[in-house]
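Residue-level listing of the chains:
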Amino acid sequence: MPRARETEPVHIPDGILSAPVLIGGAALAAAGVTLALRRIDERAIPRVAMLAAVFFAGSLVSVPVGPSSVHLVFSGLMGLMLGLGIFPAVLVGLALQAVMFGFGGLTTLGINTLNIALPGALIGLALGPMIRTAASPARAALLGGVAGAATVIASGLLVALSLWLSSAEYGLVAQVLLVTYLPLALAEGAVSAAVVAFLARVQPEALAPRLAAGPE
Amino acid sequence: MILPADLRLRLAAAFVAVALVSQLSGLAPALCAAALALTLFALDRQALPWRRLLHLEAFLLLLFLTLPFTIEGRAVVSLGPLSASAEGLARAAVLAGKVTASVLLIALLIGGQEPLHLGRALAGLGLPEPLVRLFVTTARYVGVIGAEARRLHDAMRARGFRARSNLHTWRSYGYLVGMLLVRALERADRVEDAMRLRGFTGRYPRAPLPAPARADWAGAALITGAAALILVWDKL
């Protein structure tokens, strides 16, 4: 399986952002993680970890889009399947990526977590009920695709905002980066739709977060 | 060696040093930070993490391409109505220096460490216990699930699957991830059952880590002190 080689537009490296953006991002991400940890039963941690590991492994596959290829984020699916648990799951994934491959950054862990997890959590909250009660797997897939694409676009906007808030000089970079999110959103939407279609047929209860203790 | 052996101090030193370096704004201090990080690498006789550095290249390239045009100043090159400024190039070089220094420091201090040891160190630094457990457990399962993903991927290829830019590829990858999720959830239920059977209540017994040696403190102080001095020089 090819390893991540292309630039992940989602991850801002150390040394780029201003201190207020880094501190604000870290504070908001910490709030999200704390809130989530209060909801997750201690005994449900293997399940959250297992899902986080699937999304981590999945993000290492490079998916061809047009002439280039992208690495998916799966934040829409994570919001759907983990609820608020997406915050610690993304934080852990980013930390592992920093340790294992040196991607992303240390001081940017907070803001990067926020930029990925917040749209996922919100869109999971907004579209989750509709996806779970959809009349057919095809309809659930369509909504899942919308959730996947919309989450990535929202993340792109937050990354652009983080850059622009740090310095007006980054205006052009932010716009160029935003354009690179379009192929990512296309693939993310298509793959998320297929995942939701598969789960809706095979194991519909997996589409809802289960953060309490106890196997089914 | 100069680097602290204690992982808690390594983590703390890496975080503080990178945070300080990330706030540099002058060209000379930024390049000095990168040079110092390179020196530490040479002293530690480690191979340079080329993959990590090259990974950043695209982002930095984007900065080198855009900043000269977004920052006004003395024109160096003109492309029709656009002109690249020397100030913009200098700014991009500052960022390149800071980014390089940070990547090198992280690779040097925490790159390639065992997640289990990192987890213990993070708990020692006061990170909430559930978060530490999630980190350690996820690191463990990434290996298991990565192997399963490779198996499924190999099976797809054996049946003639080739990844291309089309709907069929995206759908196939979706089913691959869906299958991984279903199996992962089953596995998680089995793990939870097995752990409860053995009386797991949500906490592992963990012996406290020994106090760091004096040499470790000195190493951590040296690295963070150097970063702090460079920042002071930068702000003078």
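Residues numbered from 1 in each chain as written. Chains lettered and ligands numbered in written order. Predicted model: local features only at pLDDT ≥ 70, side-chain atom pairs only at ≥ 80, totals over all residues.

**A short note on the overall build of chain A**
We count it as follows: Only DSSP runs of H or I reaching four residues or more are called helices, and only runs of E reaching two or more are called strands; each is numbered from the N terminus. In this description the radius of gyration comes from C-alpha coordinates, and the expected globular size is given by 2.2 Å times residues to the power 0.38. Counts of 20 or more other C-beta atoms within 10 Å of a residue's own C-beta define buried residues, counts of 12 or fewer define exposed ones, and intermediate counts define partly exposed ones; C-beta atoms are placed from the backbone. Here, residue contact means that the backbone-derived C-beta atoms of the two residues sit within 7 Å.
For chain A, the count of helices and strands is seven helices and two strands. Seen in sequence order, chain A has helices and strands lined up from the N terminus as α-α-β-β-α-α-α-α-α. A globule of 216 residues ought to have a C-alpha radius of gyration of about 17 Å, and chain A, at 17 Å, matches this closely. If one aligns the C-alpha atoms of chain A with their principal axes, the spans along those axes are about 50 × 40 × 30 Å. When each of the 216 residues of chain A is scored for burial, the buried share is 63%. Counting contacts in chain A only where the partners sit at least 6 residues apart, residues at least 24 apart contribute 79% of the total.

**Quick look at the environment of B:R51**
In this fold, B:R51 is placed in helix α3 (residues 50-70). Through-space distance from the C-alpha of B:R51 to that of B:V232 is 31 Å; in sequence the pair is 181 residues apart.

**Focus on the domain arrangement of chain B**
Heads up, the condition is: Domain start and end points were adopted from an automatic or database domain assignment.
Splitting chain B by domain gives domain 1 (7-113 + 211-235) and domain 2 (127-197). Here domain 1 of chain B and domain 2 of chain B have C-alpha centroids that lie 35 Å from each other.

**Considerations on helix α1 (residues 7-21) of chain B**
Residues and elements named next belong to chain B. What counts is decided by this rule: For a helix, the expected span equals 1.5 Å multiplied by the number of residues minus one.
For α1, spanning 15 residues, the distance from its first C-alpha to its last is 21 Å, which sits close to the expected 21 Å at 1.5 Å a residue. Counting buried residues along α1, 11 of its 15 residues qualify, which places the element largely inside the surrounding structure. Among the residues of α1, L7, R8, L9, R10, L11, A13, A14, A17, V18, L20 and V21 are the ones counted as buried.

**Describing the UniProt feature "transmembrane region" (unreviewed entry) in chain B**
Residue and element names in this part refer to chain B. Short version of the rule: UniProt positions are given in the numbering used here, feature names are shortened, and annotations may be inferred rather than shown by experiment.
Sequence positions flagged by UniProt for "transmembrane region" (unreviewed entry) are, in local numbering, residues 58-77 and 89-110. End C-alpha to end C-alpha, residues 58-77 measures 22 Å, and it is 65% helix and 15% strand. Taken end to end, residues 89-110 comprises 95% helix and 0% strand; its first and last C-alpha atoms sit 31 Å apart.

**Side note on the interface of chain A and chain B**
Put simply, the rule is: Residues are grouped as follows: Ala, Val, Leu, Ile, Met, Phe, Trp, Tyr, Cys and Pro are nonpolar; Asp, Glu, Lys and Arg are charged; all remaining types, including Gly, are polar.
Across the contact, 60 residues belong to chain A and 74 residues belong to chain B. Looking at the side of chain A that touches chain B, its residues break down into 45 nonpolar, nine polar and six charged.

**A look at the nonpolar core**
Using the following cut-off: Core membership is restricted to buried Ala, Val, Leu, Ile, Met, Phe, Trp, Tyr and Cys residues, and these are joined into a nonpolar core through C-beta atoms within 7 Å.
Counting 152 residues, the largest nonpolar core has A:L51 and A:V54 as the members making the most contacts within it. The element that contributes the greatest number of residues to this core is helix α7 (residues 171-202) of chain A, accounting for 17 residues. Split by domain, the residues of this core number at least three in each of domain 1 (7-113 + 211-235) and domain 2 (127-197) of chain B. Not counting residues within four places of it along the chain, the set of residues in contact with A:V54 comprises B:I145, B:V177, B:L180, B:L181 and B:A184.

**Concerning the environment of B:A158**
All names here are of chain B. Mapped onto the fold, A158 is located in helix α6 (residues 129-158). Residue A158 is classed as exposed on the basis of its 8 C-beta neighbours within 10 Å. A158 sits 69 residues away from L89 along the chain, and the two C-alpha atoms are 50 Å apart.

**As for the pairing of strand β1 (residues 62-65) of chain A**
All names here are of chain A. The cut-off we apply is this: The pairing criterion is simple: DSSP has to find at least two bridges between the two strands.
Only one face of β1 is buried, namely the one carrying V63 and V65, since none of S62 and P64 on the opposite face is buried. As paired elements, β1 and strand β2 (residues 68-71) share four bridges and run antiparallel to each other. Counterpart to V65 in the pairing with β2 is S68. Here β1 folds back onto β2 in antiparallel fashion, the turn holding two residues, of which G66 has a positive phi close to 55°.

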